[in-house]
Amino acid sequence: MAHSAFSQVAVVVPLNSDSSLRRSVLKAHNIRFRDKSWVSISPFDLKTKNVQSRNQCVVCMSVQQASKPKVAVSPLALEDAKEPPLNLYKPKEPYTATIVSVERLVGPKAPGETCHIVIDHGGNVPYWEGQSYGVIPPGENPKKPGTPHNVRLYSIASTRYGDSFDGRTASLCVRRAIYYDSDTGKEDPSKKGVCSNFLCDSKPGDKIKITGPSGKIMLLPEDDPKATHIMIGTGTGVAPFRGYLRRMFMESVPTFKFGGLAWLFLGVANTDSLLYDDEFSKYLQDYPGYFRYDRALSREQKNKSGGKMYVQDKIEEYSDEIFKLLDGGAHIYFCGLRGMMPGIQDTLKRVAEQRGESWEEKLSLLKKNKQWHVEVY
């Protein structure tokens, strides 16, 4: 995996004749992301994997673009609301947005495919970090002929300003859901995930029906800019944390100056499965006193007992620090597959008992103090 050190500035580039898109221009000549590369032609050109026409400049910030100085964002009016936007669009009347880009995030040795999908909502479906969009895939519900598919919820993987920093886009992190026949071991196309495959197969310009935004449990508390935030995610569960970290370390937001500690634990199968790793590694380089990043690679690392390394093993490894931080008021977040929580809860309970504490009482206190945030699916 290649890492690049570069800086970025924000400029406005016309999009057709009636709108503009704020984009980041990389001051680098050769930028690499896994097996893909982009070469800058001039200070104001950024080549991506998506072909762009002469009169339409569609911008998708590469997932590795983390840099100092921070990037200017707009419109700052997005900071004015006192309460998060909720359910602006409902399933019966969804908003029709447009796909900007679809980028494969994982390498060739990753089990399965995960994509970064940028959606243009035109500034009409604002959201806060930690919220979700609903997506209604095209076609009809096979269980209810003549009716649309049910809504599928996806955690938003960008800040309220989107990857283009102009408040007009949102990004999703989507793993393509495929299923295998237990007898033959071959993929069964009849059981593939309808929505995830629709999203991963989408092309720039395709239309997409979205609902929301929804959710309050994973909102990033900003009342104390020096707070500690411990984030534990598996696979695409990293999505809301990417939004948090971009807000903390990438964007220049006058009303939010982060000065606390952000600690990310990310669990995936192997190195090729790491999501947004270049971006997180750049934060680690630029903000070593404010960001910590621990990876649990189940197929490459061993825990202390010689078994596979999962996020709960990393939590146990740093349990003393984590418990002290929680005692000091730290927020802890969990996002990913529902199956991650039993192992994590068992680990936390065991550690608490080793410390002479009751985990049930501690968990109750964390929830009471609004330090405990869980979103699993």
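Whatever comes next refers back to the structure up there.
The structure presented is a predicted model; accordingly, all values stated were derived computationally and were not measured.

### Considering helix 1 (residues 194-201)
Alright, step 1. Among the eight residues that make up helix 1, six are buried, leaving the element largely enclosed by the rest of the structure.
Alright, step 2. Contacts from the buried residues of helix 1 go to strand 6 (95-104), strand 7 (114-120), strand 8 (132-136), strand 9 (152-155), strand 10 (169-175) and strand 11 (207-214).

### So, the pattern of salt bridges
Alright, step 1. As enumerated under the stated definition, the model contains 24 salt bridges in all.
Alright, step 2. A salt bridge links Glu-113 to Arg-176; the nearest nitrogen and oxygen atoms lie 2.8 Å apart. Of this pair, Glu-113 sits in the loop between strand 6 and strand 7 while Arg-176 is found in the loop between strand 10 and helix 1, placing the two residues 63 residues apart along the sequence.
Alright, step 3. Linking Arg-350 and Glu-316 is a salt bridge whose minimum nitrogen-to-oxygen distance equals 3.0 Å. Pair noted here: Arg-350 is in helix 6 (residues 340-354) and Glu-316 is in helix 4 (residues 311-317), with a separation of 34 residues, a long-range link.
Alright, step 4. Residue Arg-350 is classed as partly exposed on the basis of its relative accessible area, which comes to 33%.
Alright, step 5. One salt-bridge network, held together by shared partners, links Glu-79, Glu-129, Arg-160, Glu-222 and Arg-247.

### Observations regarding the pairing of strand 14 (residues 261-268)
Alright, step 1. The buried fraction of strand 14 amounts to eight of the eight residues, a majority that puts the element mostly inside the structure.
Alright, step 2. Pairing of strand 12 (residues 228-234) with strand 14, which is carried by seven bridges, proceeds in the parallel orientation. Paired with Thr-228 across the bridge in strand 14 is Leu-261.
Alright, step 3. The handedness of the strand 14 to strand 15 (residues 291-297) crossover, carried by helix 3 (residues 277-286), is right-handed.

### Describing the nonpolar core
Looking at soluble globular proteins, one finds that nonpolar side chains tend to be buried together.
Alright, step 1. Judged by nonpolar contacts, the single largest core of 38 residues is most densely connected at Leu-245, Met-248, Phe-249, Leu-264, Phe-280 and Phe-291.
Alright, step 2. When residues in this core are grouped by element, the largest group, six residues, is from helix 2 (residues 239-249).
Alright, step 3. When sequence neighbours within four positions are dropped, the list of residues in contact with Phe-280 reads Val-238, Arg-242, Leu-245, Leu-264, Leu-275, Phe-291 and Tyr-293.
Alright, step 4. Ranked by size, the runner-up nonpolar core spans 26 residues in total, among them Phe-265, Tyr-318, Ala-352 and Leu-363.

### Section: the packing of aromatic side chains
Alright, step 1. For the structure shown, the criterion picks out 21 aromatic pairs.
Alright, step 2. The interplanar angle of 75° and the centroid separation of 5.7 Å between the aromatic rings of Tyr-127 and Tyr-133 together place this pair among those described as edge-to-face.
Alright, step 3. Taking the relative accessible area as the measure of exposure, Tyr-127 reaches 2% and is therefore buried.
Alright, step 4. We classify Tyr-133 as buried; its relative accessible area is 0%.
Alright, step 5. Ring geometry for Phe-256 versus Phe-258: centroids 6.3 Å apart, planes at 40°, classification tilted.
Alright, step 6. A relative accessible area of 5% places Phe-256 in the buried class.
Alright, step 7. Linked through ring pairs, Phe-249, Phe-256, Phe-258, Tyr-276, Phe-280, Tyr-283, Tyr-287, Phe-291 and Tyr-293 together constitute an aromatic cluster.
Alright, step 8. The ring centre of Trp-263 lies 3.8 Å from the NZ or CZ of Arg-292, which sits over that ring.

### A look at the packing of helix 6 against helix 7 (residues 359-368)
Alright, step 1. Viewed as axis vectors pointing N to C, helix 6 and helix 7 meet at an angle of 115°, and their least axial separation amounts to 9 Å. In terms of axis orientation, helix 6 runs roughly perpendicular to helix 7. Contacts between helix 6 and helix 7 involve Gln-345, Leu-348, Lys-349 and Ala-352 from the first element and Trp-359, Glu-360 and Leu-363 from the second.
Alright, step 2. In terms of residue class, the contact of helix 6 with helix 7 is built from four nonpolar, one polar and two charged.

### Some words on the pairing of strand 17 (residues 372-376)
Alright, step 1. Burial within strand 17 is extensive, with four of its five residues counted as buried.
Alright, step 2. Here strand 16 (residues 331-336) runs beside strand 17; their pairing, made up of five bridges, is parallel. Directly across from Phe-334, in strand 17, lies its bridge partner Val-374.

### Remarks on the sheet that holds strand 15
Across a sheet, strands are paired by hydrogen bonds formed along the backbone, either parallel or antiparallel in direction.
Alright, step 1. Here five strands make up an open sheet; going across it, the order is 15-14-12-16-17 and the pairing parallel. In this open sheet, the two strands that pair with only one neighbour each are strand 15 and strand 17. Going from strand to strand, the sheet's axes swing by 10° on average, the running direction of each strand aside.
Alright, step 2. Here strand 12 runs beside strand 16; their pairing, made up of five bridges, is parallel. Among the inter-strand pairings, Ile-230 is bridged to a residue of strand 16, identified as Ile-332.

### Describing the sheet that holds strand 10
Alright, step 1. With antiparallel pairing, six strands are arranged side by side in an open sheet as 9-8-11-6-7-10. Each edge of the sheet is formed by a strand with only one pairing partner; in this case those strands are strand 9 and strand 10. Averaged over all adjacent pairs, the angle separating strand axes in this sheet is 40°, with direction ignored.
Alright, step 2. The pairing of strand 6 with strand 11 spans four bridges and is classified as antiparallel. Within the sheet, the bridge partner assigned to Thr-98 lies in strand 11 and is Lys-207.

### Observations regarding the packing of helix 2 against helix 3
Alright, step 1. One way to put it is that helix 2 packs onto helix 3 with a least axis distance of 11 Å and a crossing angle of 35°. Considering the relative orientation of helix 2 and helix 3, their crossing is left-handed. Across from Arg-242, Leu-245, Arg-246 and Phe-249 in helix 2, the residues of helix 3 making contact are Glu-279, Phe-280 and Tyr-283.
Alright, step 2. Residue classes in the contact of helix 2 with helix 3 are distributed as four nonpolar, no polar and three charged.

Calculation criteria
- Residues numbered from 1 in each chain as written.
- Predicted model: local features only at pLDDT ≥ 70, side-chain atom pairs only at ≥ 80, totals over all residues.
- Heavy atoms only, no water.
- Buried < 20%, exposed > 50% of the residue type's maximum accessible area, 1.4 Å probe, protein only.
- Helix = DSSP H or I, 4+ residues; strand = E, 2+ residues; numbered from the N terminus.
- Contact = heavy atoms within 4.5 Å.
- Salt bridge = Lys/Arg side-chain N within 4 Å of Asp/Glu carboxyl O.
- Pairing = 2+ DSSP bridges.
- Right-handed = clockwise from strand over helix to strand, strands pointing away.
- Core = buried A, V, L, I, M, F, W, Y, C linked by side-chain atoms within 4.5 Å.
- Phe/Tyr/Trp six-rings, centres within 6.5 Å; stacked < 30°, edge-to-face > 60°.
- Lys NZ or Arg CZ within 6 Å of the ring centre and 35° of its normal.
- Axes fitted to C-alpha atoms, helices over the stretch in contact; angles between N-to-C directions.
- Parallel < 35°, antiparallel > 145°, perpendicular 65-115°, else oblique.
- Nonpolar A, V, L, I, M, F, W, Y, C, P; charged D, E, K, R; others polar.
- Left-handed = near helix turned anticlockwise from the far one by under 90°.

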